[in-house]
Amino acid sequence: MSLLLQPHLILYLLILTAVVVNGEILRPRFYSETCPEAESIVRREMMKAMIKESRSVASVMRLQFHDCFVNGCDASVLLDDTPYMLGEKLSLSNINSLRSFEVVDDIKEALEEACPATVSCADIVIMASRDAVALTGGPDWEVKLGRKDSLTASQKDSDDIMPSPRANATFLIDLFERFDLSVKDMVALSGSHSIGKGRCFSIMFRLYNQSGSGKPDPALEPRYRKKLNKLCPLGGDENVTGDLDATPQVFDNQYFQDLVSGRGFLNSDQTLYTNRETRGYVKMFSEDQAEFFRAFEQGMVKMGDLQSGRPGEVRLNCRVVNRSPIGVLFDS
């Protein structure tokens, strides 16, 4: 009898156990007993945030990428600087760019009220990112949970890893490959720019001095370039924001259609179409939204599996660790 059951047991364990870190298993419905309403609470708070400011959910979704690529998905990106630590918020790719940390604070507050000291900030980022996509018309998927929060953060690590708006497709392919993410994963995950906005700061070189030429990026469609010139004039306010695609409040494949038309906002986006290795995926996703959704979902799950293996905790406040590694309480 046990021999008959063994294959089913093995299959069950393979399905259940995706990643094991520090003895913790990442799995769906991790909080089903300790905080059964956790995912509902996160979605409710994300809905509130979207009603208050539609852009906020896109901003929260980006936190997953900026968190997971720097020493794994451990909420290190949420930590404020302290006298003992320079965190990631002021790194080159994050300063004046990452935002909506207060949405995560609100989610954490609601979860602490329902289930004190139970749900990690790292898991909040994963759930909230999924909800940002689902609430704006994109796919919905089951997330694996059970992460611990980092005890520290590193501005240097973020500077060394995260790409700039000037990055091209070749750089991004190499970066994602370091994390066992394929070219298709990278192109699909770039589709996160289906919602949200970007700053003029990120595209000034494209408009006026691409590759030091003193000229605009020739890949820019002329009418779109004129629109961006008006939005982002030389000498203007570089914190002004523009839409990342033509439907910035709807998660769809318009982003890829815009790239095919030469209307990508960021250099790192438009080069996905001019690069031979990524062009085919851009065309595929521009023509098949369902395929884009499937690939995006798979990429987000794979990215969510990235872990550092370092010790962690469940923070009571996502911006500060409960205690320093030497046992001294950080100021809050």
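Residues numbered from 1 in each chain as written. Predicted model: local features only at pLDDT ≥ 70, side-chain atom pairs only at ≥ 80, totals over all residues. Heavy atoms only, no water.

1. Digging into the overall build of the chain
Next, step 1: Each helix and strand in the chain was counted, giving 14 helices and 6 strands.
Next, step 2: The globule rule puts the C-alpha radius of gyration for 332 residues at 20 Å, and the 21 Å found for the chain is close to it.
Next, step 3: For the chain, the spread of C-alpha atoms along the principal axes amounts to about 65 × 55 × 35 Å.
Next, step 4: Burial statistics for the chain: of 332 residues in total, 52% are counted as buried.
Next, step 5: Within the chain, residue pairs in contact and separated by at least 24 positions form 74% of the contacts whose partners lie at least 6 positions apart.
Next, step 6: Entry remark: accessible area of the chain is about 15,800 Å², with carbon and sulfur atoms responsible for 54%.
Next, step 7: Where the 38 positive side-chain charges of the chain centre and where its 46 negative ones centre are 6 Å apart. (Helix = DSSP H or I, 4+ residues; strand = E, 2+ residues; numbered from the N terminus. Rg over C-alpha atoms; globule rule 2.2 N^0.38 Å. Buried < 20%, exposed > 50% of the residue type's maximum accessible area, 1.4 Å probe, protein only. Contact = heavy atoms within 4.5 Å. Areas by Shrake-Rupley, 256 points an atom, 1.4 Å probe, with all protein chains shown as cover. Lys, Arg positive; Asp, Glu negative; His and termini not counted. Charge placed at Lys NZ, Arg CZ, Asp CG, Glu CD.)

2. Topic: helix α8 (residues 183–190)
Next, step 1: Burial of α8 is extensive: 7 of the 8 residues sit out of reach of the surface.
Next, step 2: Those residues of α8 lying buried are Val183, Asp185, Met186, Val187, Ala188, Leu189 and Ser190.
Next, step 3: At its buried positions, α8 is contacted by α7 (169–177), α11 (254–260), α12 (267–274), α13 (276–287) and α14 (289–304).

3. Some points on the packing of helix α2 (residues 38–52) against helix α5 (residues 121–135)
Next, step 1: For the pair α2 and α5, interaxial distance at closest approach is 9 Å and the crossing angle is 55°. Comparing their axes, α5 and α2 come out oblique. In this structure, α2 meets α5 at a crossing whose hand is right-handed. Listed contacts from α5 to Glu39, Val42, Arg43, Met46, Met47 and Met50 of α2 are Met127, Ala128, Arg130, Asp131, Ala132, Ala134 and Leu135.
Next, step 2: Each residue belonging to the contact of α2 with α5 can be placed in one class, and the counts come to 9 nonpolar, no polar and 4 charged. (Axes fitted to C-alpha atoms, helices over the stretch in contact; angles between N-to-C directions. Parallel < 35°, antiparallel > 145°, perpendicular 65-115°, else oblique. Left-handed = near helix turned anticlockwise from the far one by under 90°. Nonpolar A, V, L, I, M, F, W, Y, C, P; charged D, E, K, R; others polar.)

4. Quick notes on unusual backbone geometry
Next, step 1: Even without a glycine there, the phi angle at arginine 29 is positive, about 55°.
Next, step 2: On the secondary structure map, arginine 29 appears in the loop between β2 (24–26) and α2.

5. Some words on the state of the cysteines
Next, step 1: Throughout the structure, instances matching the rule amount to 4 disulfides.
Next, step 2: Each sulfur in the disulfide pair cysteine 35 and cysteine 115 lies 2.1 Å from the other. The disulfide joining cysteine 35 to cysteine 115 has a torsion of about 75° about its S-S bond and is therefore right-handed. Placement of cysteine 35 in the loop between β2 and α2 and of cysteine 115 in the loop between α4 (101–114) and α5 is noted, with a sequence separation of 80 residues between them.
Next, step 3: Between cysteine 121 and cysteine 318 runs a disulfide, and the two sulfur atoms are separated by 2.1 Å. Judged by the torsion about the S-S bond (-95°), the cysteine 121/cysteine 318 disulfide is left-handed. Here cysteine 121, found in helix α5, pairs with cysteine 318, found in the segment after β6 (312–313); they are 197 residues apart in sequence, far enough to count as distant.
Next, step 4: Classification of cysteine 318 by relative accessible area gives buried; the value is 1%. (Disulfide = S-S within 2.5 Å.)

6. A word on a negative patch on the surface
Next, step 1: Taken together, the side chains of Glu102, Asp106, Glu109 and Glu113 present a region of like negative charge at the surface.
Next, step 2: Its place among the elements puts glutamate 113 in helix α4. (Patch = residues over 30% accessible without salt bridge, like charges linked within 9 Å, V, L, I, M, F, W, Y side chains within 5 Å. Salt bridge = Lys/Arg side-chain N within 4 Å of Asp/Glu carboxyl O.)

7. Here's the deal with the pattern of salt bridges
Next, step 1: Summed over all chains, the structure comprises 23 salt bridges.
Next, step 2: Put simply, aspartate 131 and arginine 130 hold a salt bridge, and the shortest N to O gap is 2.7 Å. Residues aspartate 131 and arginine 130 agree in their burial class; the two are buried.
Next, step 3: The salt bridge partner of lysine 197 is aspartate 243, with a shortest N-O separation of 2.6 Å. One end of the pair, lysine 197, is in strand β4 (residues 197–199); the other, aspartate 243, is in strand β5 (residues 241–243), and 46 residues separate them in sequence.
Next, step 4: Judged by its relative accessible area of 32%, lysine 197 is partly exposed.
Next, step 5: The class for aspartate 243 is partly exposed, based on a relative accessible area of 32%.
Next, step 6: The network of salt bridges with shared partners includes Glu39, Arg43, Arg130, Asp131 and Asp140.

8. Observations regarding the UniProt feature "binding site: heme b" (unreviewed entry) in the chain
Next, step 1: Summarizing the sequence annotation, UniProt attributes the feature "binding site: heme b" (unreviewed entry) to His193 in the numbering used throughout.
Next, step 2: Classification of histidine 193 as buried rests on a relative accessible area of 16%.
Next, step 3: Excluding anything up to four places from it in sequence, histidine 193 contacts Arg62, Leu244, Asp245, Tyr255, Leu266 and Asp269. (UniProt positions renumbered as here; feature names shortened; annotations may be inferred.)

9. Details of the packing of helix α3 (residues 55–68) against α5
Packed helix pairs are specified by the crossing angle of their axes together with the interaxial distance, meaning the distance between the axes.
Next, step 1: The interhelical angle for the contact between α3 and α5, taken along N-to-C directions, is 135°, at an axis separation of 8 Å. Looking at the two axes, α3 sits oblique to α5. With respect to the hand of their crossing, α3 and α5 are arranged in left-handed fashion. Side by side, α3 and α5 meet where Val57, Val60, Met61, Leu63, Gln64 and Cys68 of the first sit next to Val125, Ile126, Ala128, Ser129, Ala132 and Val133 of the second.
Next, step 2: Here the residues of the contact of α3 with α5 are counted per class, giving 10 nonpolar, 2 polar and no charged.

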